[in-house]
Every structure is written in structure tokens, then in C-alpha cells.
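# Remarks on the overall topology
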Amino acid sequence: MGSKYDTPHDQFIIAYLPNPERSEVVMSHALPLAQMLNKGLILLYIEDPRYGGMTCAEASELLKAEVQRIKPQHNDTNYAALRGKTKEIIAALPMLLYGVVVVAESQNNAPRRNATHPREVLHNFAESKIAYLVAQKGLQSKSAKGYMPNVALSIDYSRESKEKLIWASYFARFGKSQLHILSHAYRDERLHKLWSDNIRFMQKIFSGLAITNYLQEKYISHGVFTEPCALEHAANKGYDMLISVTTDMRDRDTLELIIGTAEQRTIRSKQQLPILFLNPRDDLFVLCD
């Protein structure tokens, strides 16, 4: 194991680099995210027999060079090269490296046994206790309006919808992002009431945080899953990111076992919109702000 980070009790943005020679996509998001949240940045490589690749010693040399390149833009930048199972290390990141969010790359055309293959990404982050931002392409340039000027999230009738609000508030408060609250019409009276309760909860949270930069808008939902429809709507509107909650494996139904989960579809989106995924769990780590 090799590592170099100096602030053990702070929180860090983790840039997960399964191939340190190909860091552009991840770093184009991890750096502005660290700057926006005023957090340290750790470049992470994992030597995992599942994927082969470099040794920790080989990766460390590349990570050191990348750290030196980035330090003029973000001085609190360090690296860690760890050996072990990727899924286990990612699950341990909150305590191991004081991580609060990970940035990872997904490639639709990656080989199946590659850490950037969409199924591998979801597999490795399935037990993550922190949010993870998955990007398919690099950020072309930092907007004058901030890192993510327009952030979308859907609010439906489910309890899990409310879990998106804390992370949405970070983008609204620290990044001055315009939030777009997406909903679709419910004909069922019970579902409509549950959705209304969630909207009122959202308004209460945002009011308490003095957040006014949000808009509510409708989108058309079709098919079995609503989240891919929300992503399509957000992409068509030109928004910059979608915040999404993954499927709770404890509540997965038979249909999802057969046709897959919503996140298996959104992560492969042809629109290539970055997605901030949150796993539904009671011990999810959030920012200390």
C-alpha cells in the first residue's frame, strides 16, 4: 500500500482512477467538485487482481505526477494506492480515507472485466456509504456560472426521494446551482398524496436552508422505470447532472431481477449525463459544512 495524504480528520473528494494513465474524465469533475465544496482531493488507485493492471508502486509514480500538476489549482491534493478488492475498499472509504464523495468513470464500450464497465461500477459501489458521481465524458470547461449550473432530481411518492435533498442542497448552496425538481402526474390519489407530502418536506428543508434557487417542473414518464425518463428529460433540457437514488436491494422485486434495475439503464445513458448516485442506506455519510 502506498499513500500520501496529510489531513486525516477532514473530508475528501475521492477521484477513483483504475487507470492513472487515463485520468481526464474523472479529474475534470473531481477537481471542480473539490473546489466547489472546499474539500481536499485524493487520487485513488486500487490494485485489484480482478482487473489486473499496474502495481501500487507503478501507479504511485503516475499519481505523484498528477498531484504535482493539480496542486497549483488545488493545493490540498494527495494520493493513495491501495491493494485489495475494489468493492471492499470503496465501502471502507469514509473511514479509510475520510471520503465524502467519489468520482468514477463509466464506459459503455469497456470490456466486461474492466473497472469502468457500467456493471462493474455498480457492482463495486453497491455498498458505498458515500455518494458517487459517475461520468461518461469529461467536463469540457468550467462554466462561468459554476461547476454544475443546472442540477436535476426527480421527486416521486417514495421515501427514498427525500434522500436526494441534502446533496441537492449542497449544489444549491455551495455551487449556486439552479435546482430542477422533476415530477410526473399521479392519477392514483394515494400516490399523489405521498408525492405532495414529499414536496412539502422538500419545501420545508429548502426554506430552513434559505434555498430559493429551485424550480418545479413536470416530465412525462413512460415504461417501467421513471428515473431513465427523468434523465432523458434533464438531458433534453440541457441540464448538467441528475441526482439519483439506486435500487434498495432489500426491496428489489421479481421484475427488476428479470429486466434489471433503473440504475443499470441510467448509467448507460446515450445522453452521457453525469449522475450523482446515492445508495439507500441509513448510514450514508454526508458533508460536514
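Just above, that's the structure.
Let me begin by describing the structure that accompanies this report. (Residues numbered from 1 in each chain as written. Predicted model: local features only at pLDDT ≥ 70, side-chain atom pairs only at ≥ 80, totals over all residues. Heavy atoms only, no water.)

### Topic: the packing of aromatic side chains
- Per the stated rule, a full pass over the model turns up eight aromatic pairs.
- Measuring from centroid to centroid gives 6.3 Å for Y16 and F125, while their planes differ by 65 degrees, and the two rings are edge-to-face. One end of the pair, Y16, is in strand β2 (residues 12–16); the other, F125, is in the loop between α4 (118–124) and β6 (131–135), and 109 residues separate them in sequence.
- Assessed through its relative accessible area of 1%, F125 is described here as buried.
- An angle of 25 degrees between the planes, with centres 4.6 Å apart, marks the rings of F125 and Y132 as stacked. (Phe/Tyr/Trp six-rings, centres within 6.5 Å; stacked < 30°, edge-to-face > 60°. Helix = DSSP H or I, 4+ residues; strand = E, 2+ residues; numbered from the N terminus. Buried < 20%, exposed > 50% of the residue type's maximum accessible area, 1.4 Å probe, protein only.)

### Focus: the nonpolar core
- Ranked by internal contacts, the top residues of the largest apolar core, which has 53 residues, are I13, L33, L41, W167, F171 and L276.
- Among the elements that take part in this core, helix α1 (residues 24–37) stands out by supplying eight residues, more than any other.
- For I13, the residues in contact, after removing those within four places along its chain, are A30, L33, A34, L37, K39, G40, L41, I42, V100, V101 and V103.
- Judged by nonpolar contacts, the second largest core, of 35 residues, contains Y51, L93, L122 and Y239. (Core = buried A, V, L, I, M, F, W, Y, C linked by side-chain atoms within 4.5 Å. Contact = heavy atoms within 4.5 Å.)

### Notes on the side chain of T116
- Along the chain, T116 turns up in the loop between β5 (99–105) and α4.
- At 2.6 Å, the side chain of T116 forms a polar contact with the side chain of N114.
- Apart from the residues lying within four places of it in its own chain, the contact partners of T116 are P18, E105, S106, Q107, A110 and V121. (Polar contact = N/O pair within 3.5 Å; in protein donor to acceptor, adjacent residues only side chain to side chain.)

### Quick look at the packing of α1 against helix α5 (residues 164–174)
- The geometry of α1 relative to α5 is characterised by a closest axis approach of 9 Å and an angle of 75 degrees between their N-to-C directions. One element, α1, and the other, α5, form an angle in the roughly perpendicular class. Packed against α1, whose contacting residues are L33, M36 and L37, the element α5 presents W167, Y170, F171 and F174 at the interface. (Axes fitted to C-alpha atoms, helices over the stretch in contact; angles between N-to-C directions. Parallel < 35°, antiparallel > 145°, perpendicular 65-115°, else oblique.)

### Some words on helix α3 (residues 86–96)
- Residues of α3 that are buried: T86, I89, I90, A91, L93 and P94.
- Buried residues belonging to α3 abut β2, β3 (40–47), β4 (77–83), β5 and α4.
- Trailing α3 by a residue or two, Y98 shows a phi angle of about 55 degrees, which is positive.

### A closer look at unusual backbone geometry
- Look at Y98: it is not a glycine, yet its phi comes out positive at around 55 degrees.
- Take Y98: it is sitting in the loop between α3 and β5.
- Take Y98: its relative accessible area is 25%, and that puts it in the partly exposed class.
- Backbone geometry places A210, a non-glycine residue, at a positive phi of 60 degrees.
- One can find A210 in the loop between α6 (189–208) and β9 (214–218).

None of this, on its own, says anything about what the molecule does.
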